Amino acid sequence: MASGAGDSNCSTKSEDSADGTGTGEAGRYIKELDGEETDRSPQTASASGSSAVIMHRSGSRPQLDLSGAAIQGNFEERNPTILLPNQSDDISHLAVDIGGSLIKLVYFSRHEESPSDDKRKSIAKQRARFSNGLGRRFPVLGGRLHFVKFETGKLNECIDFIASKQLHRGSVDSPSWRSGSRQDDNIIIKATGGGAFKFADVFKECLGISLDKEDEMGCLVSGANFLLKAIRHEAFTHMEGRKEFVQIDQNDLFPYLLVNIGSGVSMIKVDGEGKFERVSGTNVGGGTYWGLGRLLTKCKSFDELLELSQRGDNSNVDMLVGDIYGGMDYAKIGLSALTIASSFGKAITANKELSDYRPEDISLSLLRMISYNIGQIAYLNALRYGLKKIFFGGFFIRGHAYTMDTISFAVHFWSKGQAQAMFLRHEGFLGVLGAFMSYEMHGLDDLMVHQLVERFPMGAPYVGGKIHGPPLQDLNEKISWMEKFVQKGPEIFAPVPMSPSGTTGLGGFERPSSRGEALRSDASAALNVGVLHLDPTLEVFPLLADPKMYEPNTIDLSEPGELEYWLTVLSEHLPDLVDKAVASEGRTEDAHRRGDAFARAFSAHLTRLMEEPAAYGKLGLANLLELREECLREFQFKDAYISIKKRENEASLAVLHDLLMELDRMNEEERLLALIEGVLAANIFDWGSRACVELYHKGTIIEIYRMSRKKMHRPWRVDDFDTFKRRMLASDKPYRRALLFVDNSGADVVLGMLPLARELLRRGTEVVLVGNSLPALNDVTAHELPEIVAEAAKNCDVLRRAAEAGGLLLDAMTNGEMAWREKPASARLMVVENGCGSPCLDLRQVSSELAEAGKGADLVILEGMGRALHTNFNARFSCDALKLAMVKNQRLAEKLVQGNIYDCVCRFEPA
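Not measured: the values here are computed from a predicted model. (Residues numbered from 1 in each chain as written. Predicted model: local features only at pLDDT ≥ 70, side-chain atom pairs only at ≥ 80, totals over all residues. Heavy atoms only, no water.)

### Quick look at the sheet that holds strand β17 (residues 390–393)
Taken together, the seven strands give an open sheet; going across it, the order is β11-β10-β18-β17-β12-β13-β14, and neighbouring strands pair in mixed fashion. With one partner strand each, in any of the chains shown, β11 (242–246) and β14 (275–282) form the two edges of the open sheet. Each strand of the sheet is rotated relative to its neighbour by a mean of 30 degrees, with strand direction disregarded. With four bridges connecting them, strand β12 (residues 256–261) and β17 associate as parallel partners. The residue of β17 that forms the bridge with Leu-257 is Ile-390. Helix α12 (residues 401–414) contacts β10 (235–239), β12, β17 and β18 (421–424) of the sheet and is inclined by roughly 85 degrees relative to β10. (Pairing = 2+ DSSP bridges. Helix = DSSP H or I, 4+ residues; strand = E, 2+ residues; numbered from the N terminus. Axes fitted to C-alpha atoms, helices over the stretch in contact; angles between N-to-C directions. Contact = heavy atoms within 4.5 Å.)

### Considerations on the packing of helix α8 (residues 286–297) against helix α11 (residues 359–385)
Where α8 meets α11, the closest approach of the two axes is 10 Å, and the angle between their N-to-C directions is 160 degrees. Taken together, the axes of α8 and α11 lie roughly antiparallel to each other. Considering the relative orientation of α8 and α11, their crossing is right-handed. On the side of α8, the interface is formed by Thr-288, Tyr-289, Leu-292, Gly-293, Leu-296 and Thr-297, while α11 contributes Pro-359, Ile-362, Ser-363, Leu-366, Leu-367 and Ile-370. (Parallel < 35°, antiparallel > 145°, perpendicular 65-115°, else oblique. Left-handed = near helix turned anticlockwise from the far one by under 90°.)

### Comments concerning the sheet that holds strand β32 (residues 880–886)
Hydrogen bonds along the backbone pair up the strands of a sheet, which may run parallel or antiparallel. If you trace the seven strands from one edge of the open sheet to the other, you get β26-β33-β32-β31-β27-β28-β29, paired in mixed fashion. One side of each edge strand has no neighbouring strand; the edge strands of this open sheet are β26 (718–719) and β29 (829–833). Here two bridges tie β26 to strand β33 (residues 904–909), and the two strands are oriented parallel to one another. Bridge pairing in β33 links Val-718 to Val-905. Across the face of the sheet, helix α24 (residues 747–762) comes into contact with β27 (737–741), β28 (766–771), β29, β31 (859–863) and β32 while running at roughly 170 degrees to β31.

### Topic: the side chain of Ser-584
Within the fold, Ser-584 resides in the loop between α16 (562–583) and α17 (589–611). One polar contact links the side chain of Ser-584 to the main-chain carbonyl oxygen of Ala-581, over a distance of 2.6 Å. Not counting chain neighbours up to four residues away, the residues in contact with Ser-584 comprise Asp-639, Ala-640 and Ile-642. (Polar contact = N/O pair within 3.5 Å; in protein donor to acceptor, adjacent residues only side chain to side chain.)

### Quick look at helix α9 (residues 302–309)
For α9, the tally of buried residues reaches six of eight residues, placing the bulk of the element in the interior. Taken as a whole, α9 has its buried residues at Phe-302, Asp-303, Leu-305, Leu-306, Leu-308 and Ser-309. Contacts made by the buried residues of α9 are with α8, α11 and α12. (Buried < 20%, exposed > 50% of the residue type's maximum accessible area, 1.4 Å probe, protein only.)

### Structural notes on the confidence of the model for the protein chain
In the predicted model, the protein chain carries a mean pLDDT of 78, and the fraction of residues at 70 or more is 73%. With pLDDT under 50 throughout, residues 71–91 is counted as low confidence; its partners more than four residues away or in other chains account for 49 contacts. Here residues 811–823 scores under 50 on pLDDT; set against residues more than four positions off or in separate chains, the count is 15 contacts. (pLDDT = per-residue confidence, 0-100.)

### Some words on the packing of aromatic side chains
This model, assessed by the stated rule, comprises 22 aromatic pairs. Residues Tyr-256 and Phe-391 carry aromatic rings whose centres are separated by 5.2 Å and whose planes lie at 85 degrees to one another, so their mutual orientation is edge-to-face. One end of the pair, Tyr-256, is in strand β12; the other, Phe-391, is in strand β17, with 135 residues separating them in the sequence. With respect to burial, Tyr-256 and Phe-391 carry one shared label: buried. Measuring from centroid to centroid gives 4.9 Å for Tyr-565 and Trp-566, while their planes differ by 85 degrees, and the two rings are edge-to-face. A relative accessible area of 23% means that Tyr-565 is categorised as partly exposed. The exposure class assigned to Trp-566 is buried, which follows from its relative accessible area of 6%. Feature note: the residues Phe-236, Phe-245, Phe-392 and Phe-423 constitute an aromatic cluster, connected by ring pairs. Across the ring face of Phe-197, the terminal group of Lys-213 is positioned such that the distance to the ring centre comes to 5.5 Å. (Phe/Tyr/Trp six-rings, centres within 6.5 Å; stacked < 30°, edge-to-face > 60°. Lys NZ or Arg CZ within 6 Å of the ring centre and 35° of its normal.)

### Describing helix α25 (residues 785–793)
Burial within α25 is extensive, with seven of its nine residues counted as buried. Here α25 has its buried residues at Leu-785, Pro-786, Ile-788, Val-789, Ala-790, Ala-792 and Ala-793.

### A short note on the side chain of Thr-152
With respect to the helices and strands, the residue Thr-152 is situated in the loop between β7 (143–151) and α3 (155–165). Using a relative accessible area of 0% as the deciding quantity, one classes Thr-152 as buried. In terms of polar contacts, Thr-152 uses its side chain to reach the backbone carbonyl oxygen of Gly-99, at 2.9 Å.

### Structural notes on the environment of Asp-356
Relative to the elements of secondary structure, Asp-356 occurs in the loop between β16 (340–342) and α11. In terms of polar contacts, Asp-356 uses its side chain to reach the backbone amide nitrogen of Glu-353, at 2.7 Å.

### What about a nonpolar patch on the surface?
A contiguous nonpolar surface patch, about 320 Å² in accessible area, is contributed by Ile-324, Tyr-325 and Met-328. Along the chain, Ile-324 falls in helix α10 (residues 321–324). (Patch = residues over 30% accessible without salt bridge, like charges linked within 9 Å, V, L, I, M, F, W, Y side chains within 5 Å. Areas by Shrake-Rupley, 256 points an atom, 1.4 Å probe, with all protein chains shown as cover. Salt bridge = Lys/Arg side-chain N within 4 Å of Asp/Glu carboxyl O.)

### Things to note about the pattern of salt bridges
The full count for this structure, using the stated rule, is 50 salt bridges. The partner of Asp-743 in a salt bridge is Arg-867, and the shortest N-O contact between them spans 2.9 Å. Taken together, the residues span a long stretch of sequence, with Asp-743 in the loop between β27 and α24 and Arg-867 in helix α29 (residues 865–870) at a distance of 124 residues. There is no split in this pair, since Asp-743 and Arg-867 are both buried. Taken together, the shared-partner salt bridges in this structure form one network comprising Arg-455, Glu-626, Glu-630 and Arg-633.

### Quick notes on the environment of Arg-726
Among the secondary structure elements, Arg-726 is positioned in helix α23 (residues 721–728). The exposed category is assigned to Arg-726, whose relative accessible area is 56%. Separated by 57 residues in the primary sequence, Arg-726 and Glu-669 have C-alpha atoms spaced 9.6 Å apart.

### Some remarks on the packing of helix α20 (residues 668–682) against α23
For the pair α20 and α23, interaxial distance at closest approach is 11 Å and the crossing angle is 130 degrees. Looking at the two axes, α20 sits oblique to α23. The way α20 lies across α23 gives a crossing that is right-handed. Counting all contacts with α20, which are made through Glu-669, Leu-672, Leu-673 and Ile-676, the residues of α23 involved are Phe-721, Phe-724, Lys-725 and Met-728. A class-by-class count of the residues in the contact of α20 with α23 yields six nonpolar, no polar and two charged. (Nonpolar A, V, L, I, M, F, W, Y, C, P; charged D, E, K, R; others polar.)

### Comments concerning the environment of Ser-708
Inspection of the secondary structure puts Ser-708 in helix α22 (residues 701–710). The class of Ser-708 is buried, set by a relative accessible area of 4%. The sequence separation of Ser-708 and Ala-681 amounts to 27 residues, and the corresponding C-alpha distance is 5.2 Å.

### Some thoughts on unusual backbone geometry
The residue after Phe-254, namely Pro-255, is reached through a cis peptide bond having omega -5 degrees. Mapped onto the secondary structure, Pro-255 falls in the loop between β11 and β12. Look at the link from Arg-714 to Pro-715: it is a cis peptide, with omega at 0 degrees. By secondary structure assignment, the location of Pro-715 is in the loop between α22 and β26. In this model, Glu-240 sits at a positive phi of 50 degrees, which is unusual for a non-glycine residue. Inspection of the secondary structure assignment puts Glu-240 in the loop between β10 and β11. Positive phi, normally seen in glycine, also occurs at Lys-298, with a value near 70 degrees. As for its position among the elements, Lys-298 is in the loop between α8 and α9. The class for Lys-298 is exposed, based on a relative accessible area of 62%.

Spelled out as structure tokens, the structure:
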């Protein structure tokens, strides 16, 4: 048995043809999906320890190893987490779909653990529980789902890829691989597609694995159902070159028609989970286009043929209605003069040979003919079964604008505008995703839309040109890949030039175009799907007034000029960010190299999005900022502003005591106004704002804070302070629990939010400080907050007692359980993570502890531009909400509040 990677004795029996085109036996095996259903072996597999076990598909889950089982954390929790220390992670994390043209892979990698020796944080998490049961109540399945494709004719590349990452053994991040133990015998992975039969022996010989074959049709439906239910912006329409994302109501998904276009076409009526029927199909599909195209144009690849079509004018080949009616429309039946009357019809009326026709025109005519007929047949089947939703998938589409426009036009034309075609971003991965989901132990069927986040940290699609990647674990390999990516940039990112404006011969609209007057081919970046991060601990924030209507992003990047503006802002800020990141790690040679790789990756993202805004799905400003932070983390910059945050925290804590003394000398009304002024003034410190970066060069943090306080003149641009004051000072109904979403480190949190928290605590309100789970710019994290509170509490009895009651101070945690169980002497001050690592806040995806904390809260305070302006400015809550921010961007000031830079927002919204 072969051991795996790079075994020179392993042959896939799919050698390239003599002309070097890579179309050997496997490449010529064009029989991807034409609707046939084949009996499958009723087996599945799981591996526990070092051996694989074959089980009949009885629906039972794998056996658990319960030896050494123990409860983690507090025994008195209602549903404590139970650890299974001897349970192996080494179940296969890979599935394959081997079609006649392409091999598709989906594989899973676990989140890297980030162990912390922070005693304060670990103890606080165990003891600081809310009365209604804060804490995780389920085991965590966290990880990433990756999507990769290869040409079937280059099966060797696919096998090398699997072997190099040890995906068939649970991947390089599994415990047995790291420990060096082997598991070569009887490894079984899920597979679908005709090649799962044809190449089963190759996988056995080269990798020592058996393919457990799953039903193709069932996998397609299962994969489509998962994507439509779990990915927020999976489906989109594409008409006249414009992509619009569609939000699918999970409760109104079924029934629908799934049209899968591979080499042939299958049309499947889907009525529910596991309920489907193939109702129609056609043998005229992707194989037809590629086969005829190869004969007529001599193109050597599907992608080459597709690119050729983008420079074509099919009116030179097709007979149009206008050709028959002397340039006139056939108005009586509503046909435009530009509508195709007969595909290739002009070839019979002209005395020309094949060589007299342009290959570009032939390619486009073929594409129109096949796409148009698929769209028409699909609609007629939808009409036949009364289906309103039609989804198109399969690698024939490949994100290609002309293809989607033609299908969309056909559906729109025949339905008289009553139906529309919808496409899927993961169009080619439906089958393999369904096969992957048949591993019952992954539990993917239970995941919801708020538990998945799609990310693009490397600045490239899952496969680009000749470069497959990126590697998962080894940082040097990632950087090398990035350097190759830059060198091969034209191969991956080269736009296809447009031909002069002309008719499409279909419906009268012009050729679809993207920004820069260029369209991308499949070989470049039209097929962008990212890595799906899976986290079952993410939940929807329970205090949203209407979660279904909630949209976090205030700025609509689809509006003219918005995306260009914000991409320019991010680009201009990039050199300063790289400098801070490199400085945070001592400006070592390694840090410089990683900083350069990060800059290249993020710049590639910005360029990509500038040219095709919808390349990564529907993005808001929050997504753009998260993308930047993900790129930093990808190159192991854990906290680019760590030294700056530490310095600013120390400077602010040094003057906190004097500020609190000053506040205590005021009466209630004066103090409350001073507190809100303090929050607004302190929010000026934001390293994400270029205007504020310039301020740092003009004085110390304390000097800037005092200057900002002096300029606090009411009325502010948005000024609901008086309404908030009346509610706060109402003695008959103090707030029970307040969630304070903090923003920046330094003066912002120490001199702004902590004094406000202290005031709430004095009034008997339980206060929860909500910080980022991961660093972003100079934002304070939940990990850093306990130490800041501990330092502040040294000179403040109110903060000290509240922090002790909330379990944030170590001295309070050593008094024994009996003392802890006594009723706290004062309102508690606690800290929770928000579940994100961005300067913005998407309340559709928050940590389980924040969701639990929110259930008992009656006041939400959102502070800072990212949390209260860029996002959530228009959010409505089921409790009182206060939004506080200083506007530090002129464009944002004009757009949101019709004001100017450094205007203040104090927006109070009663429940």
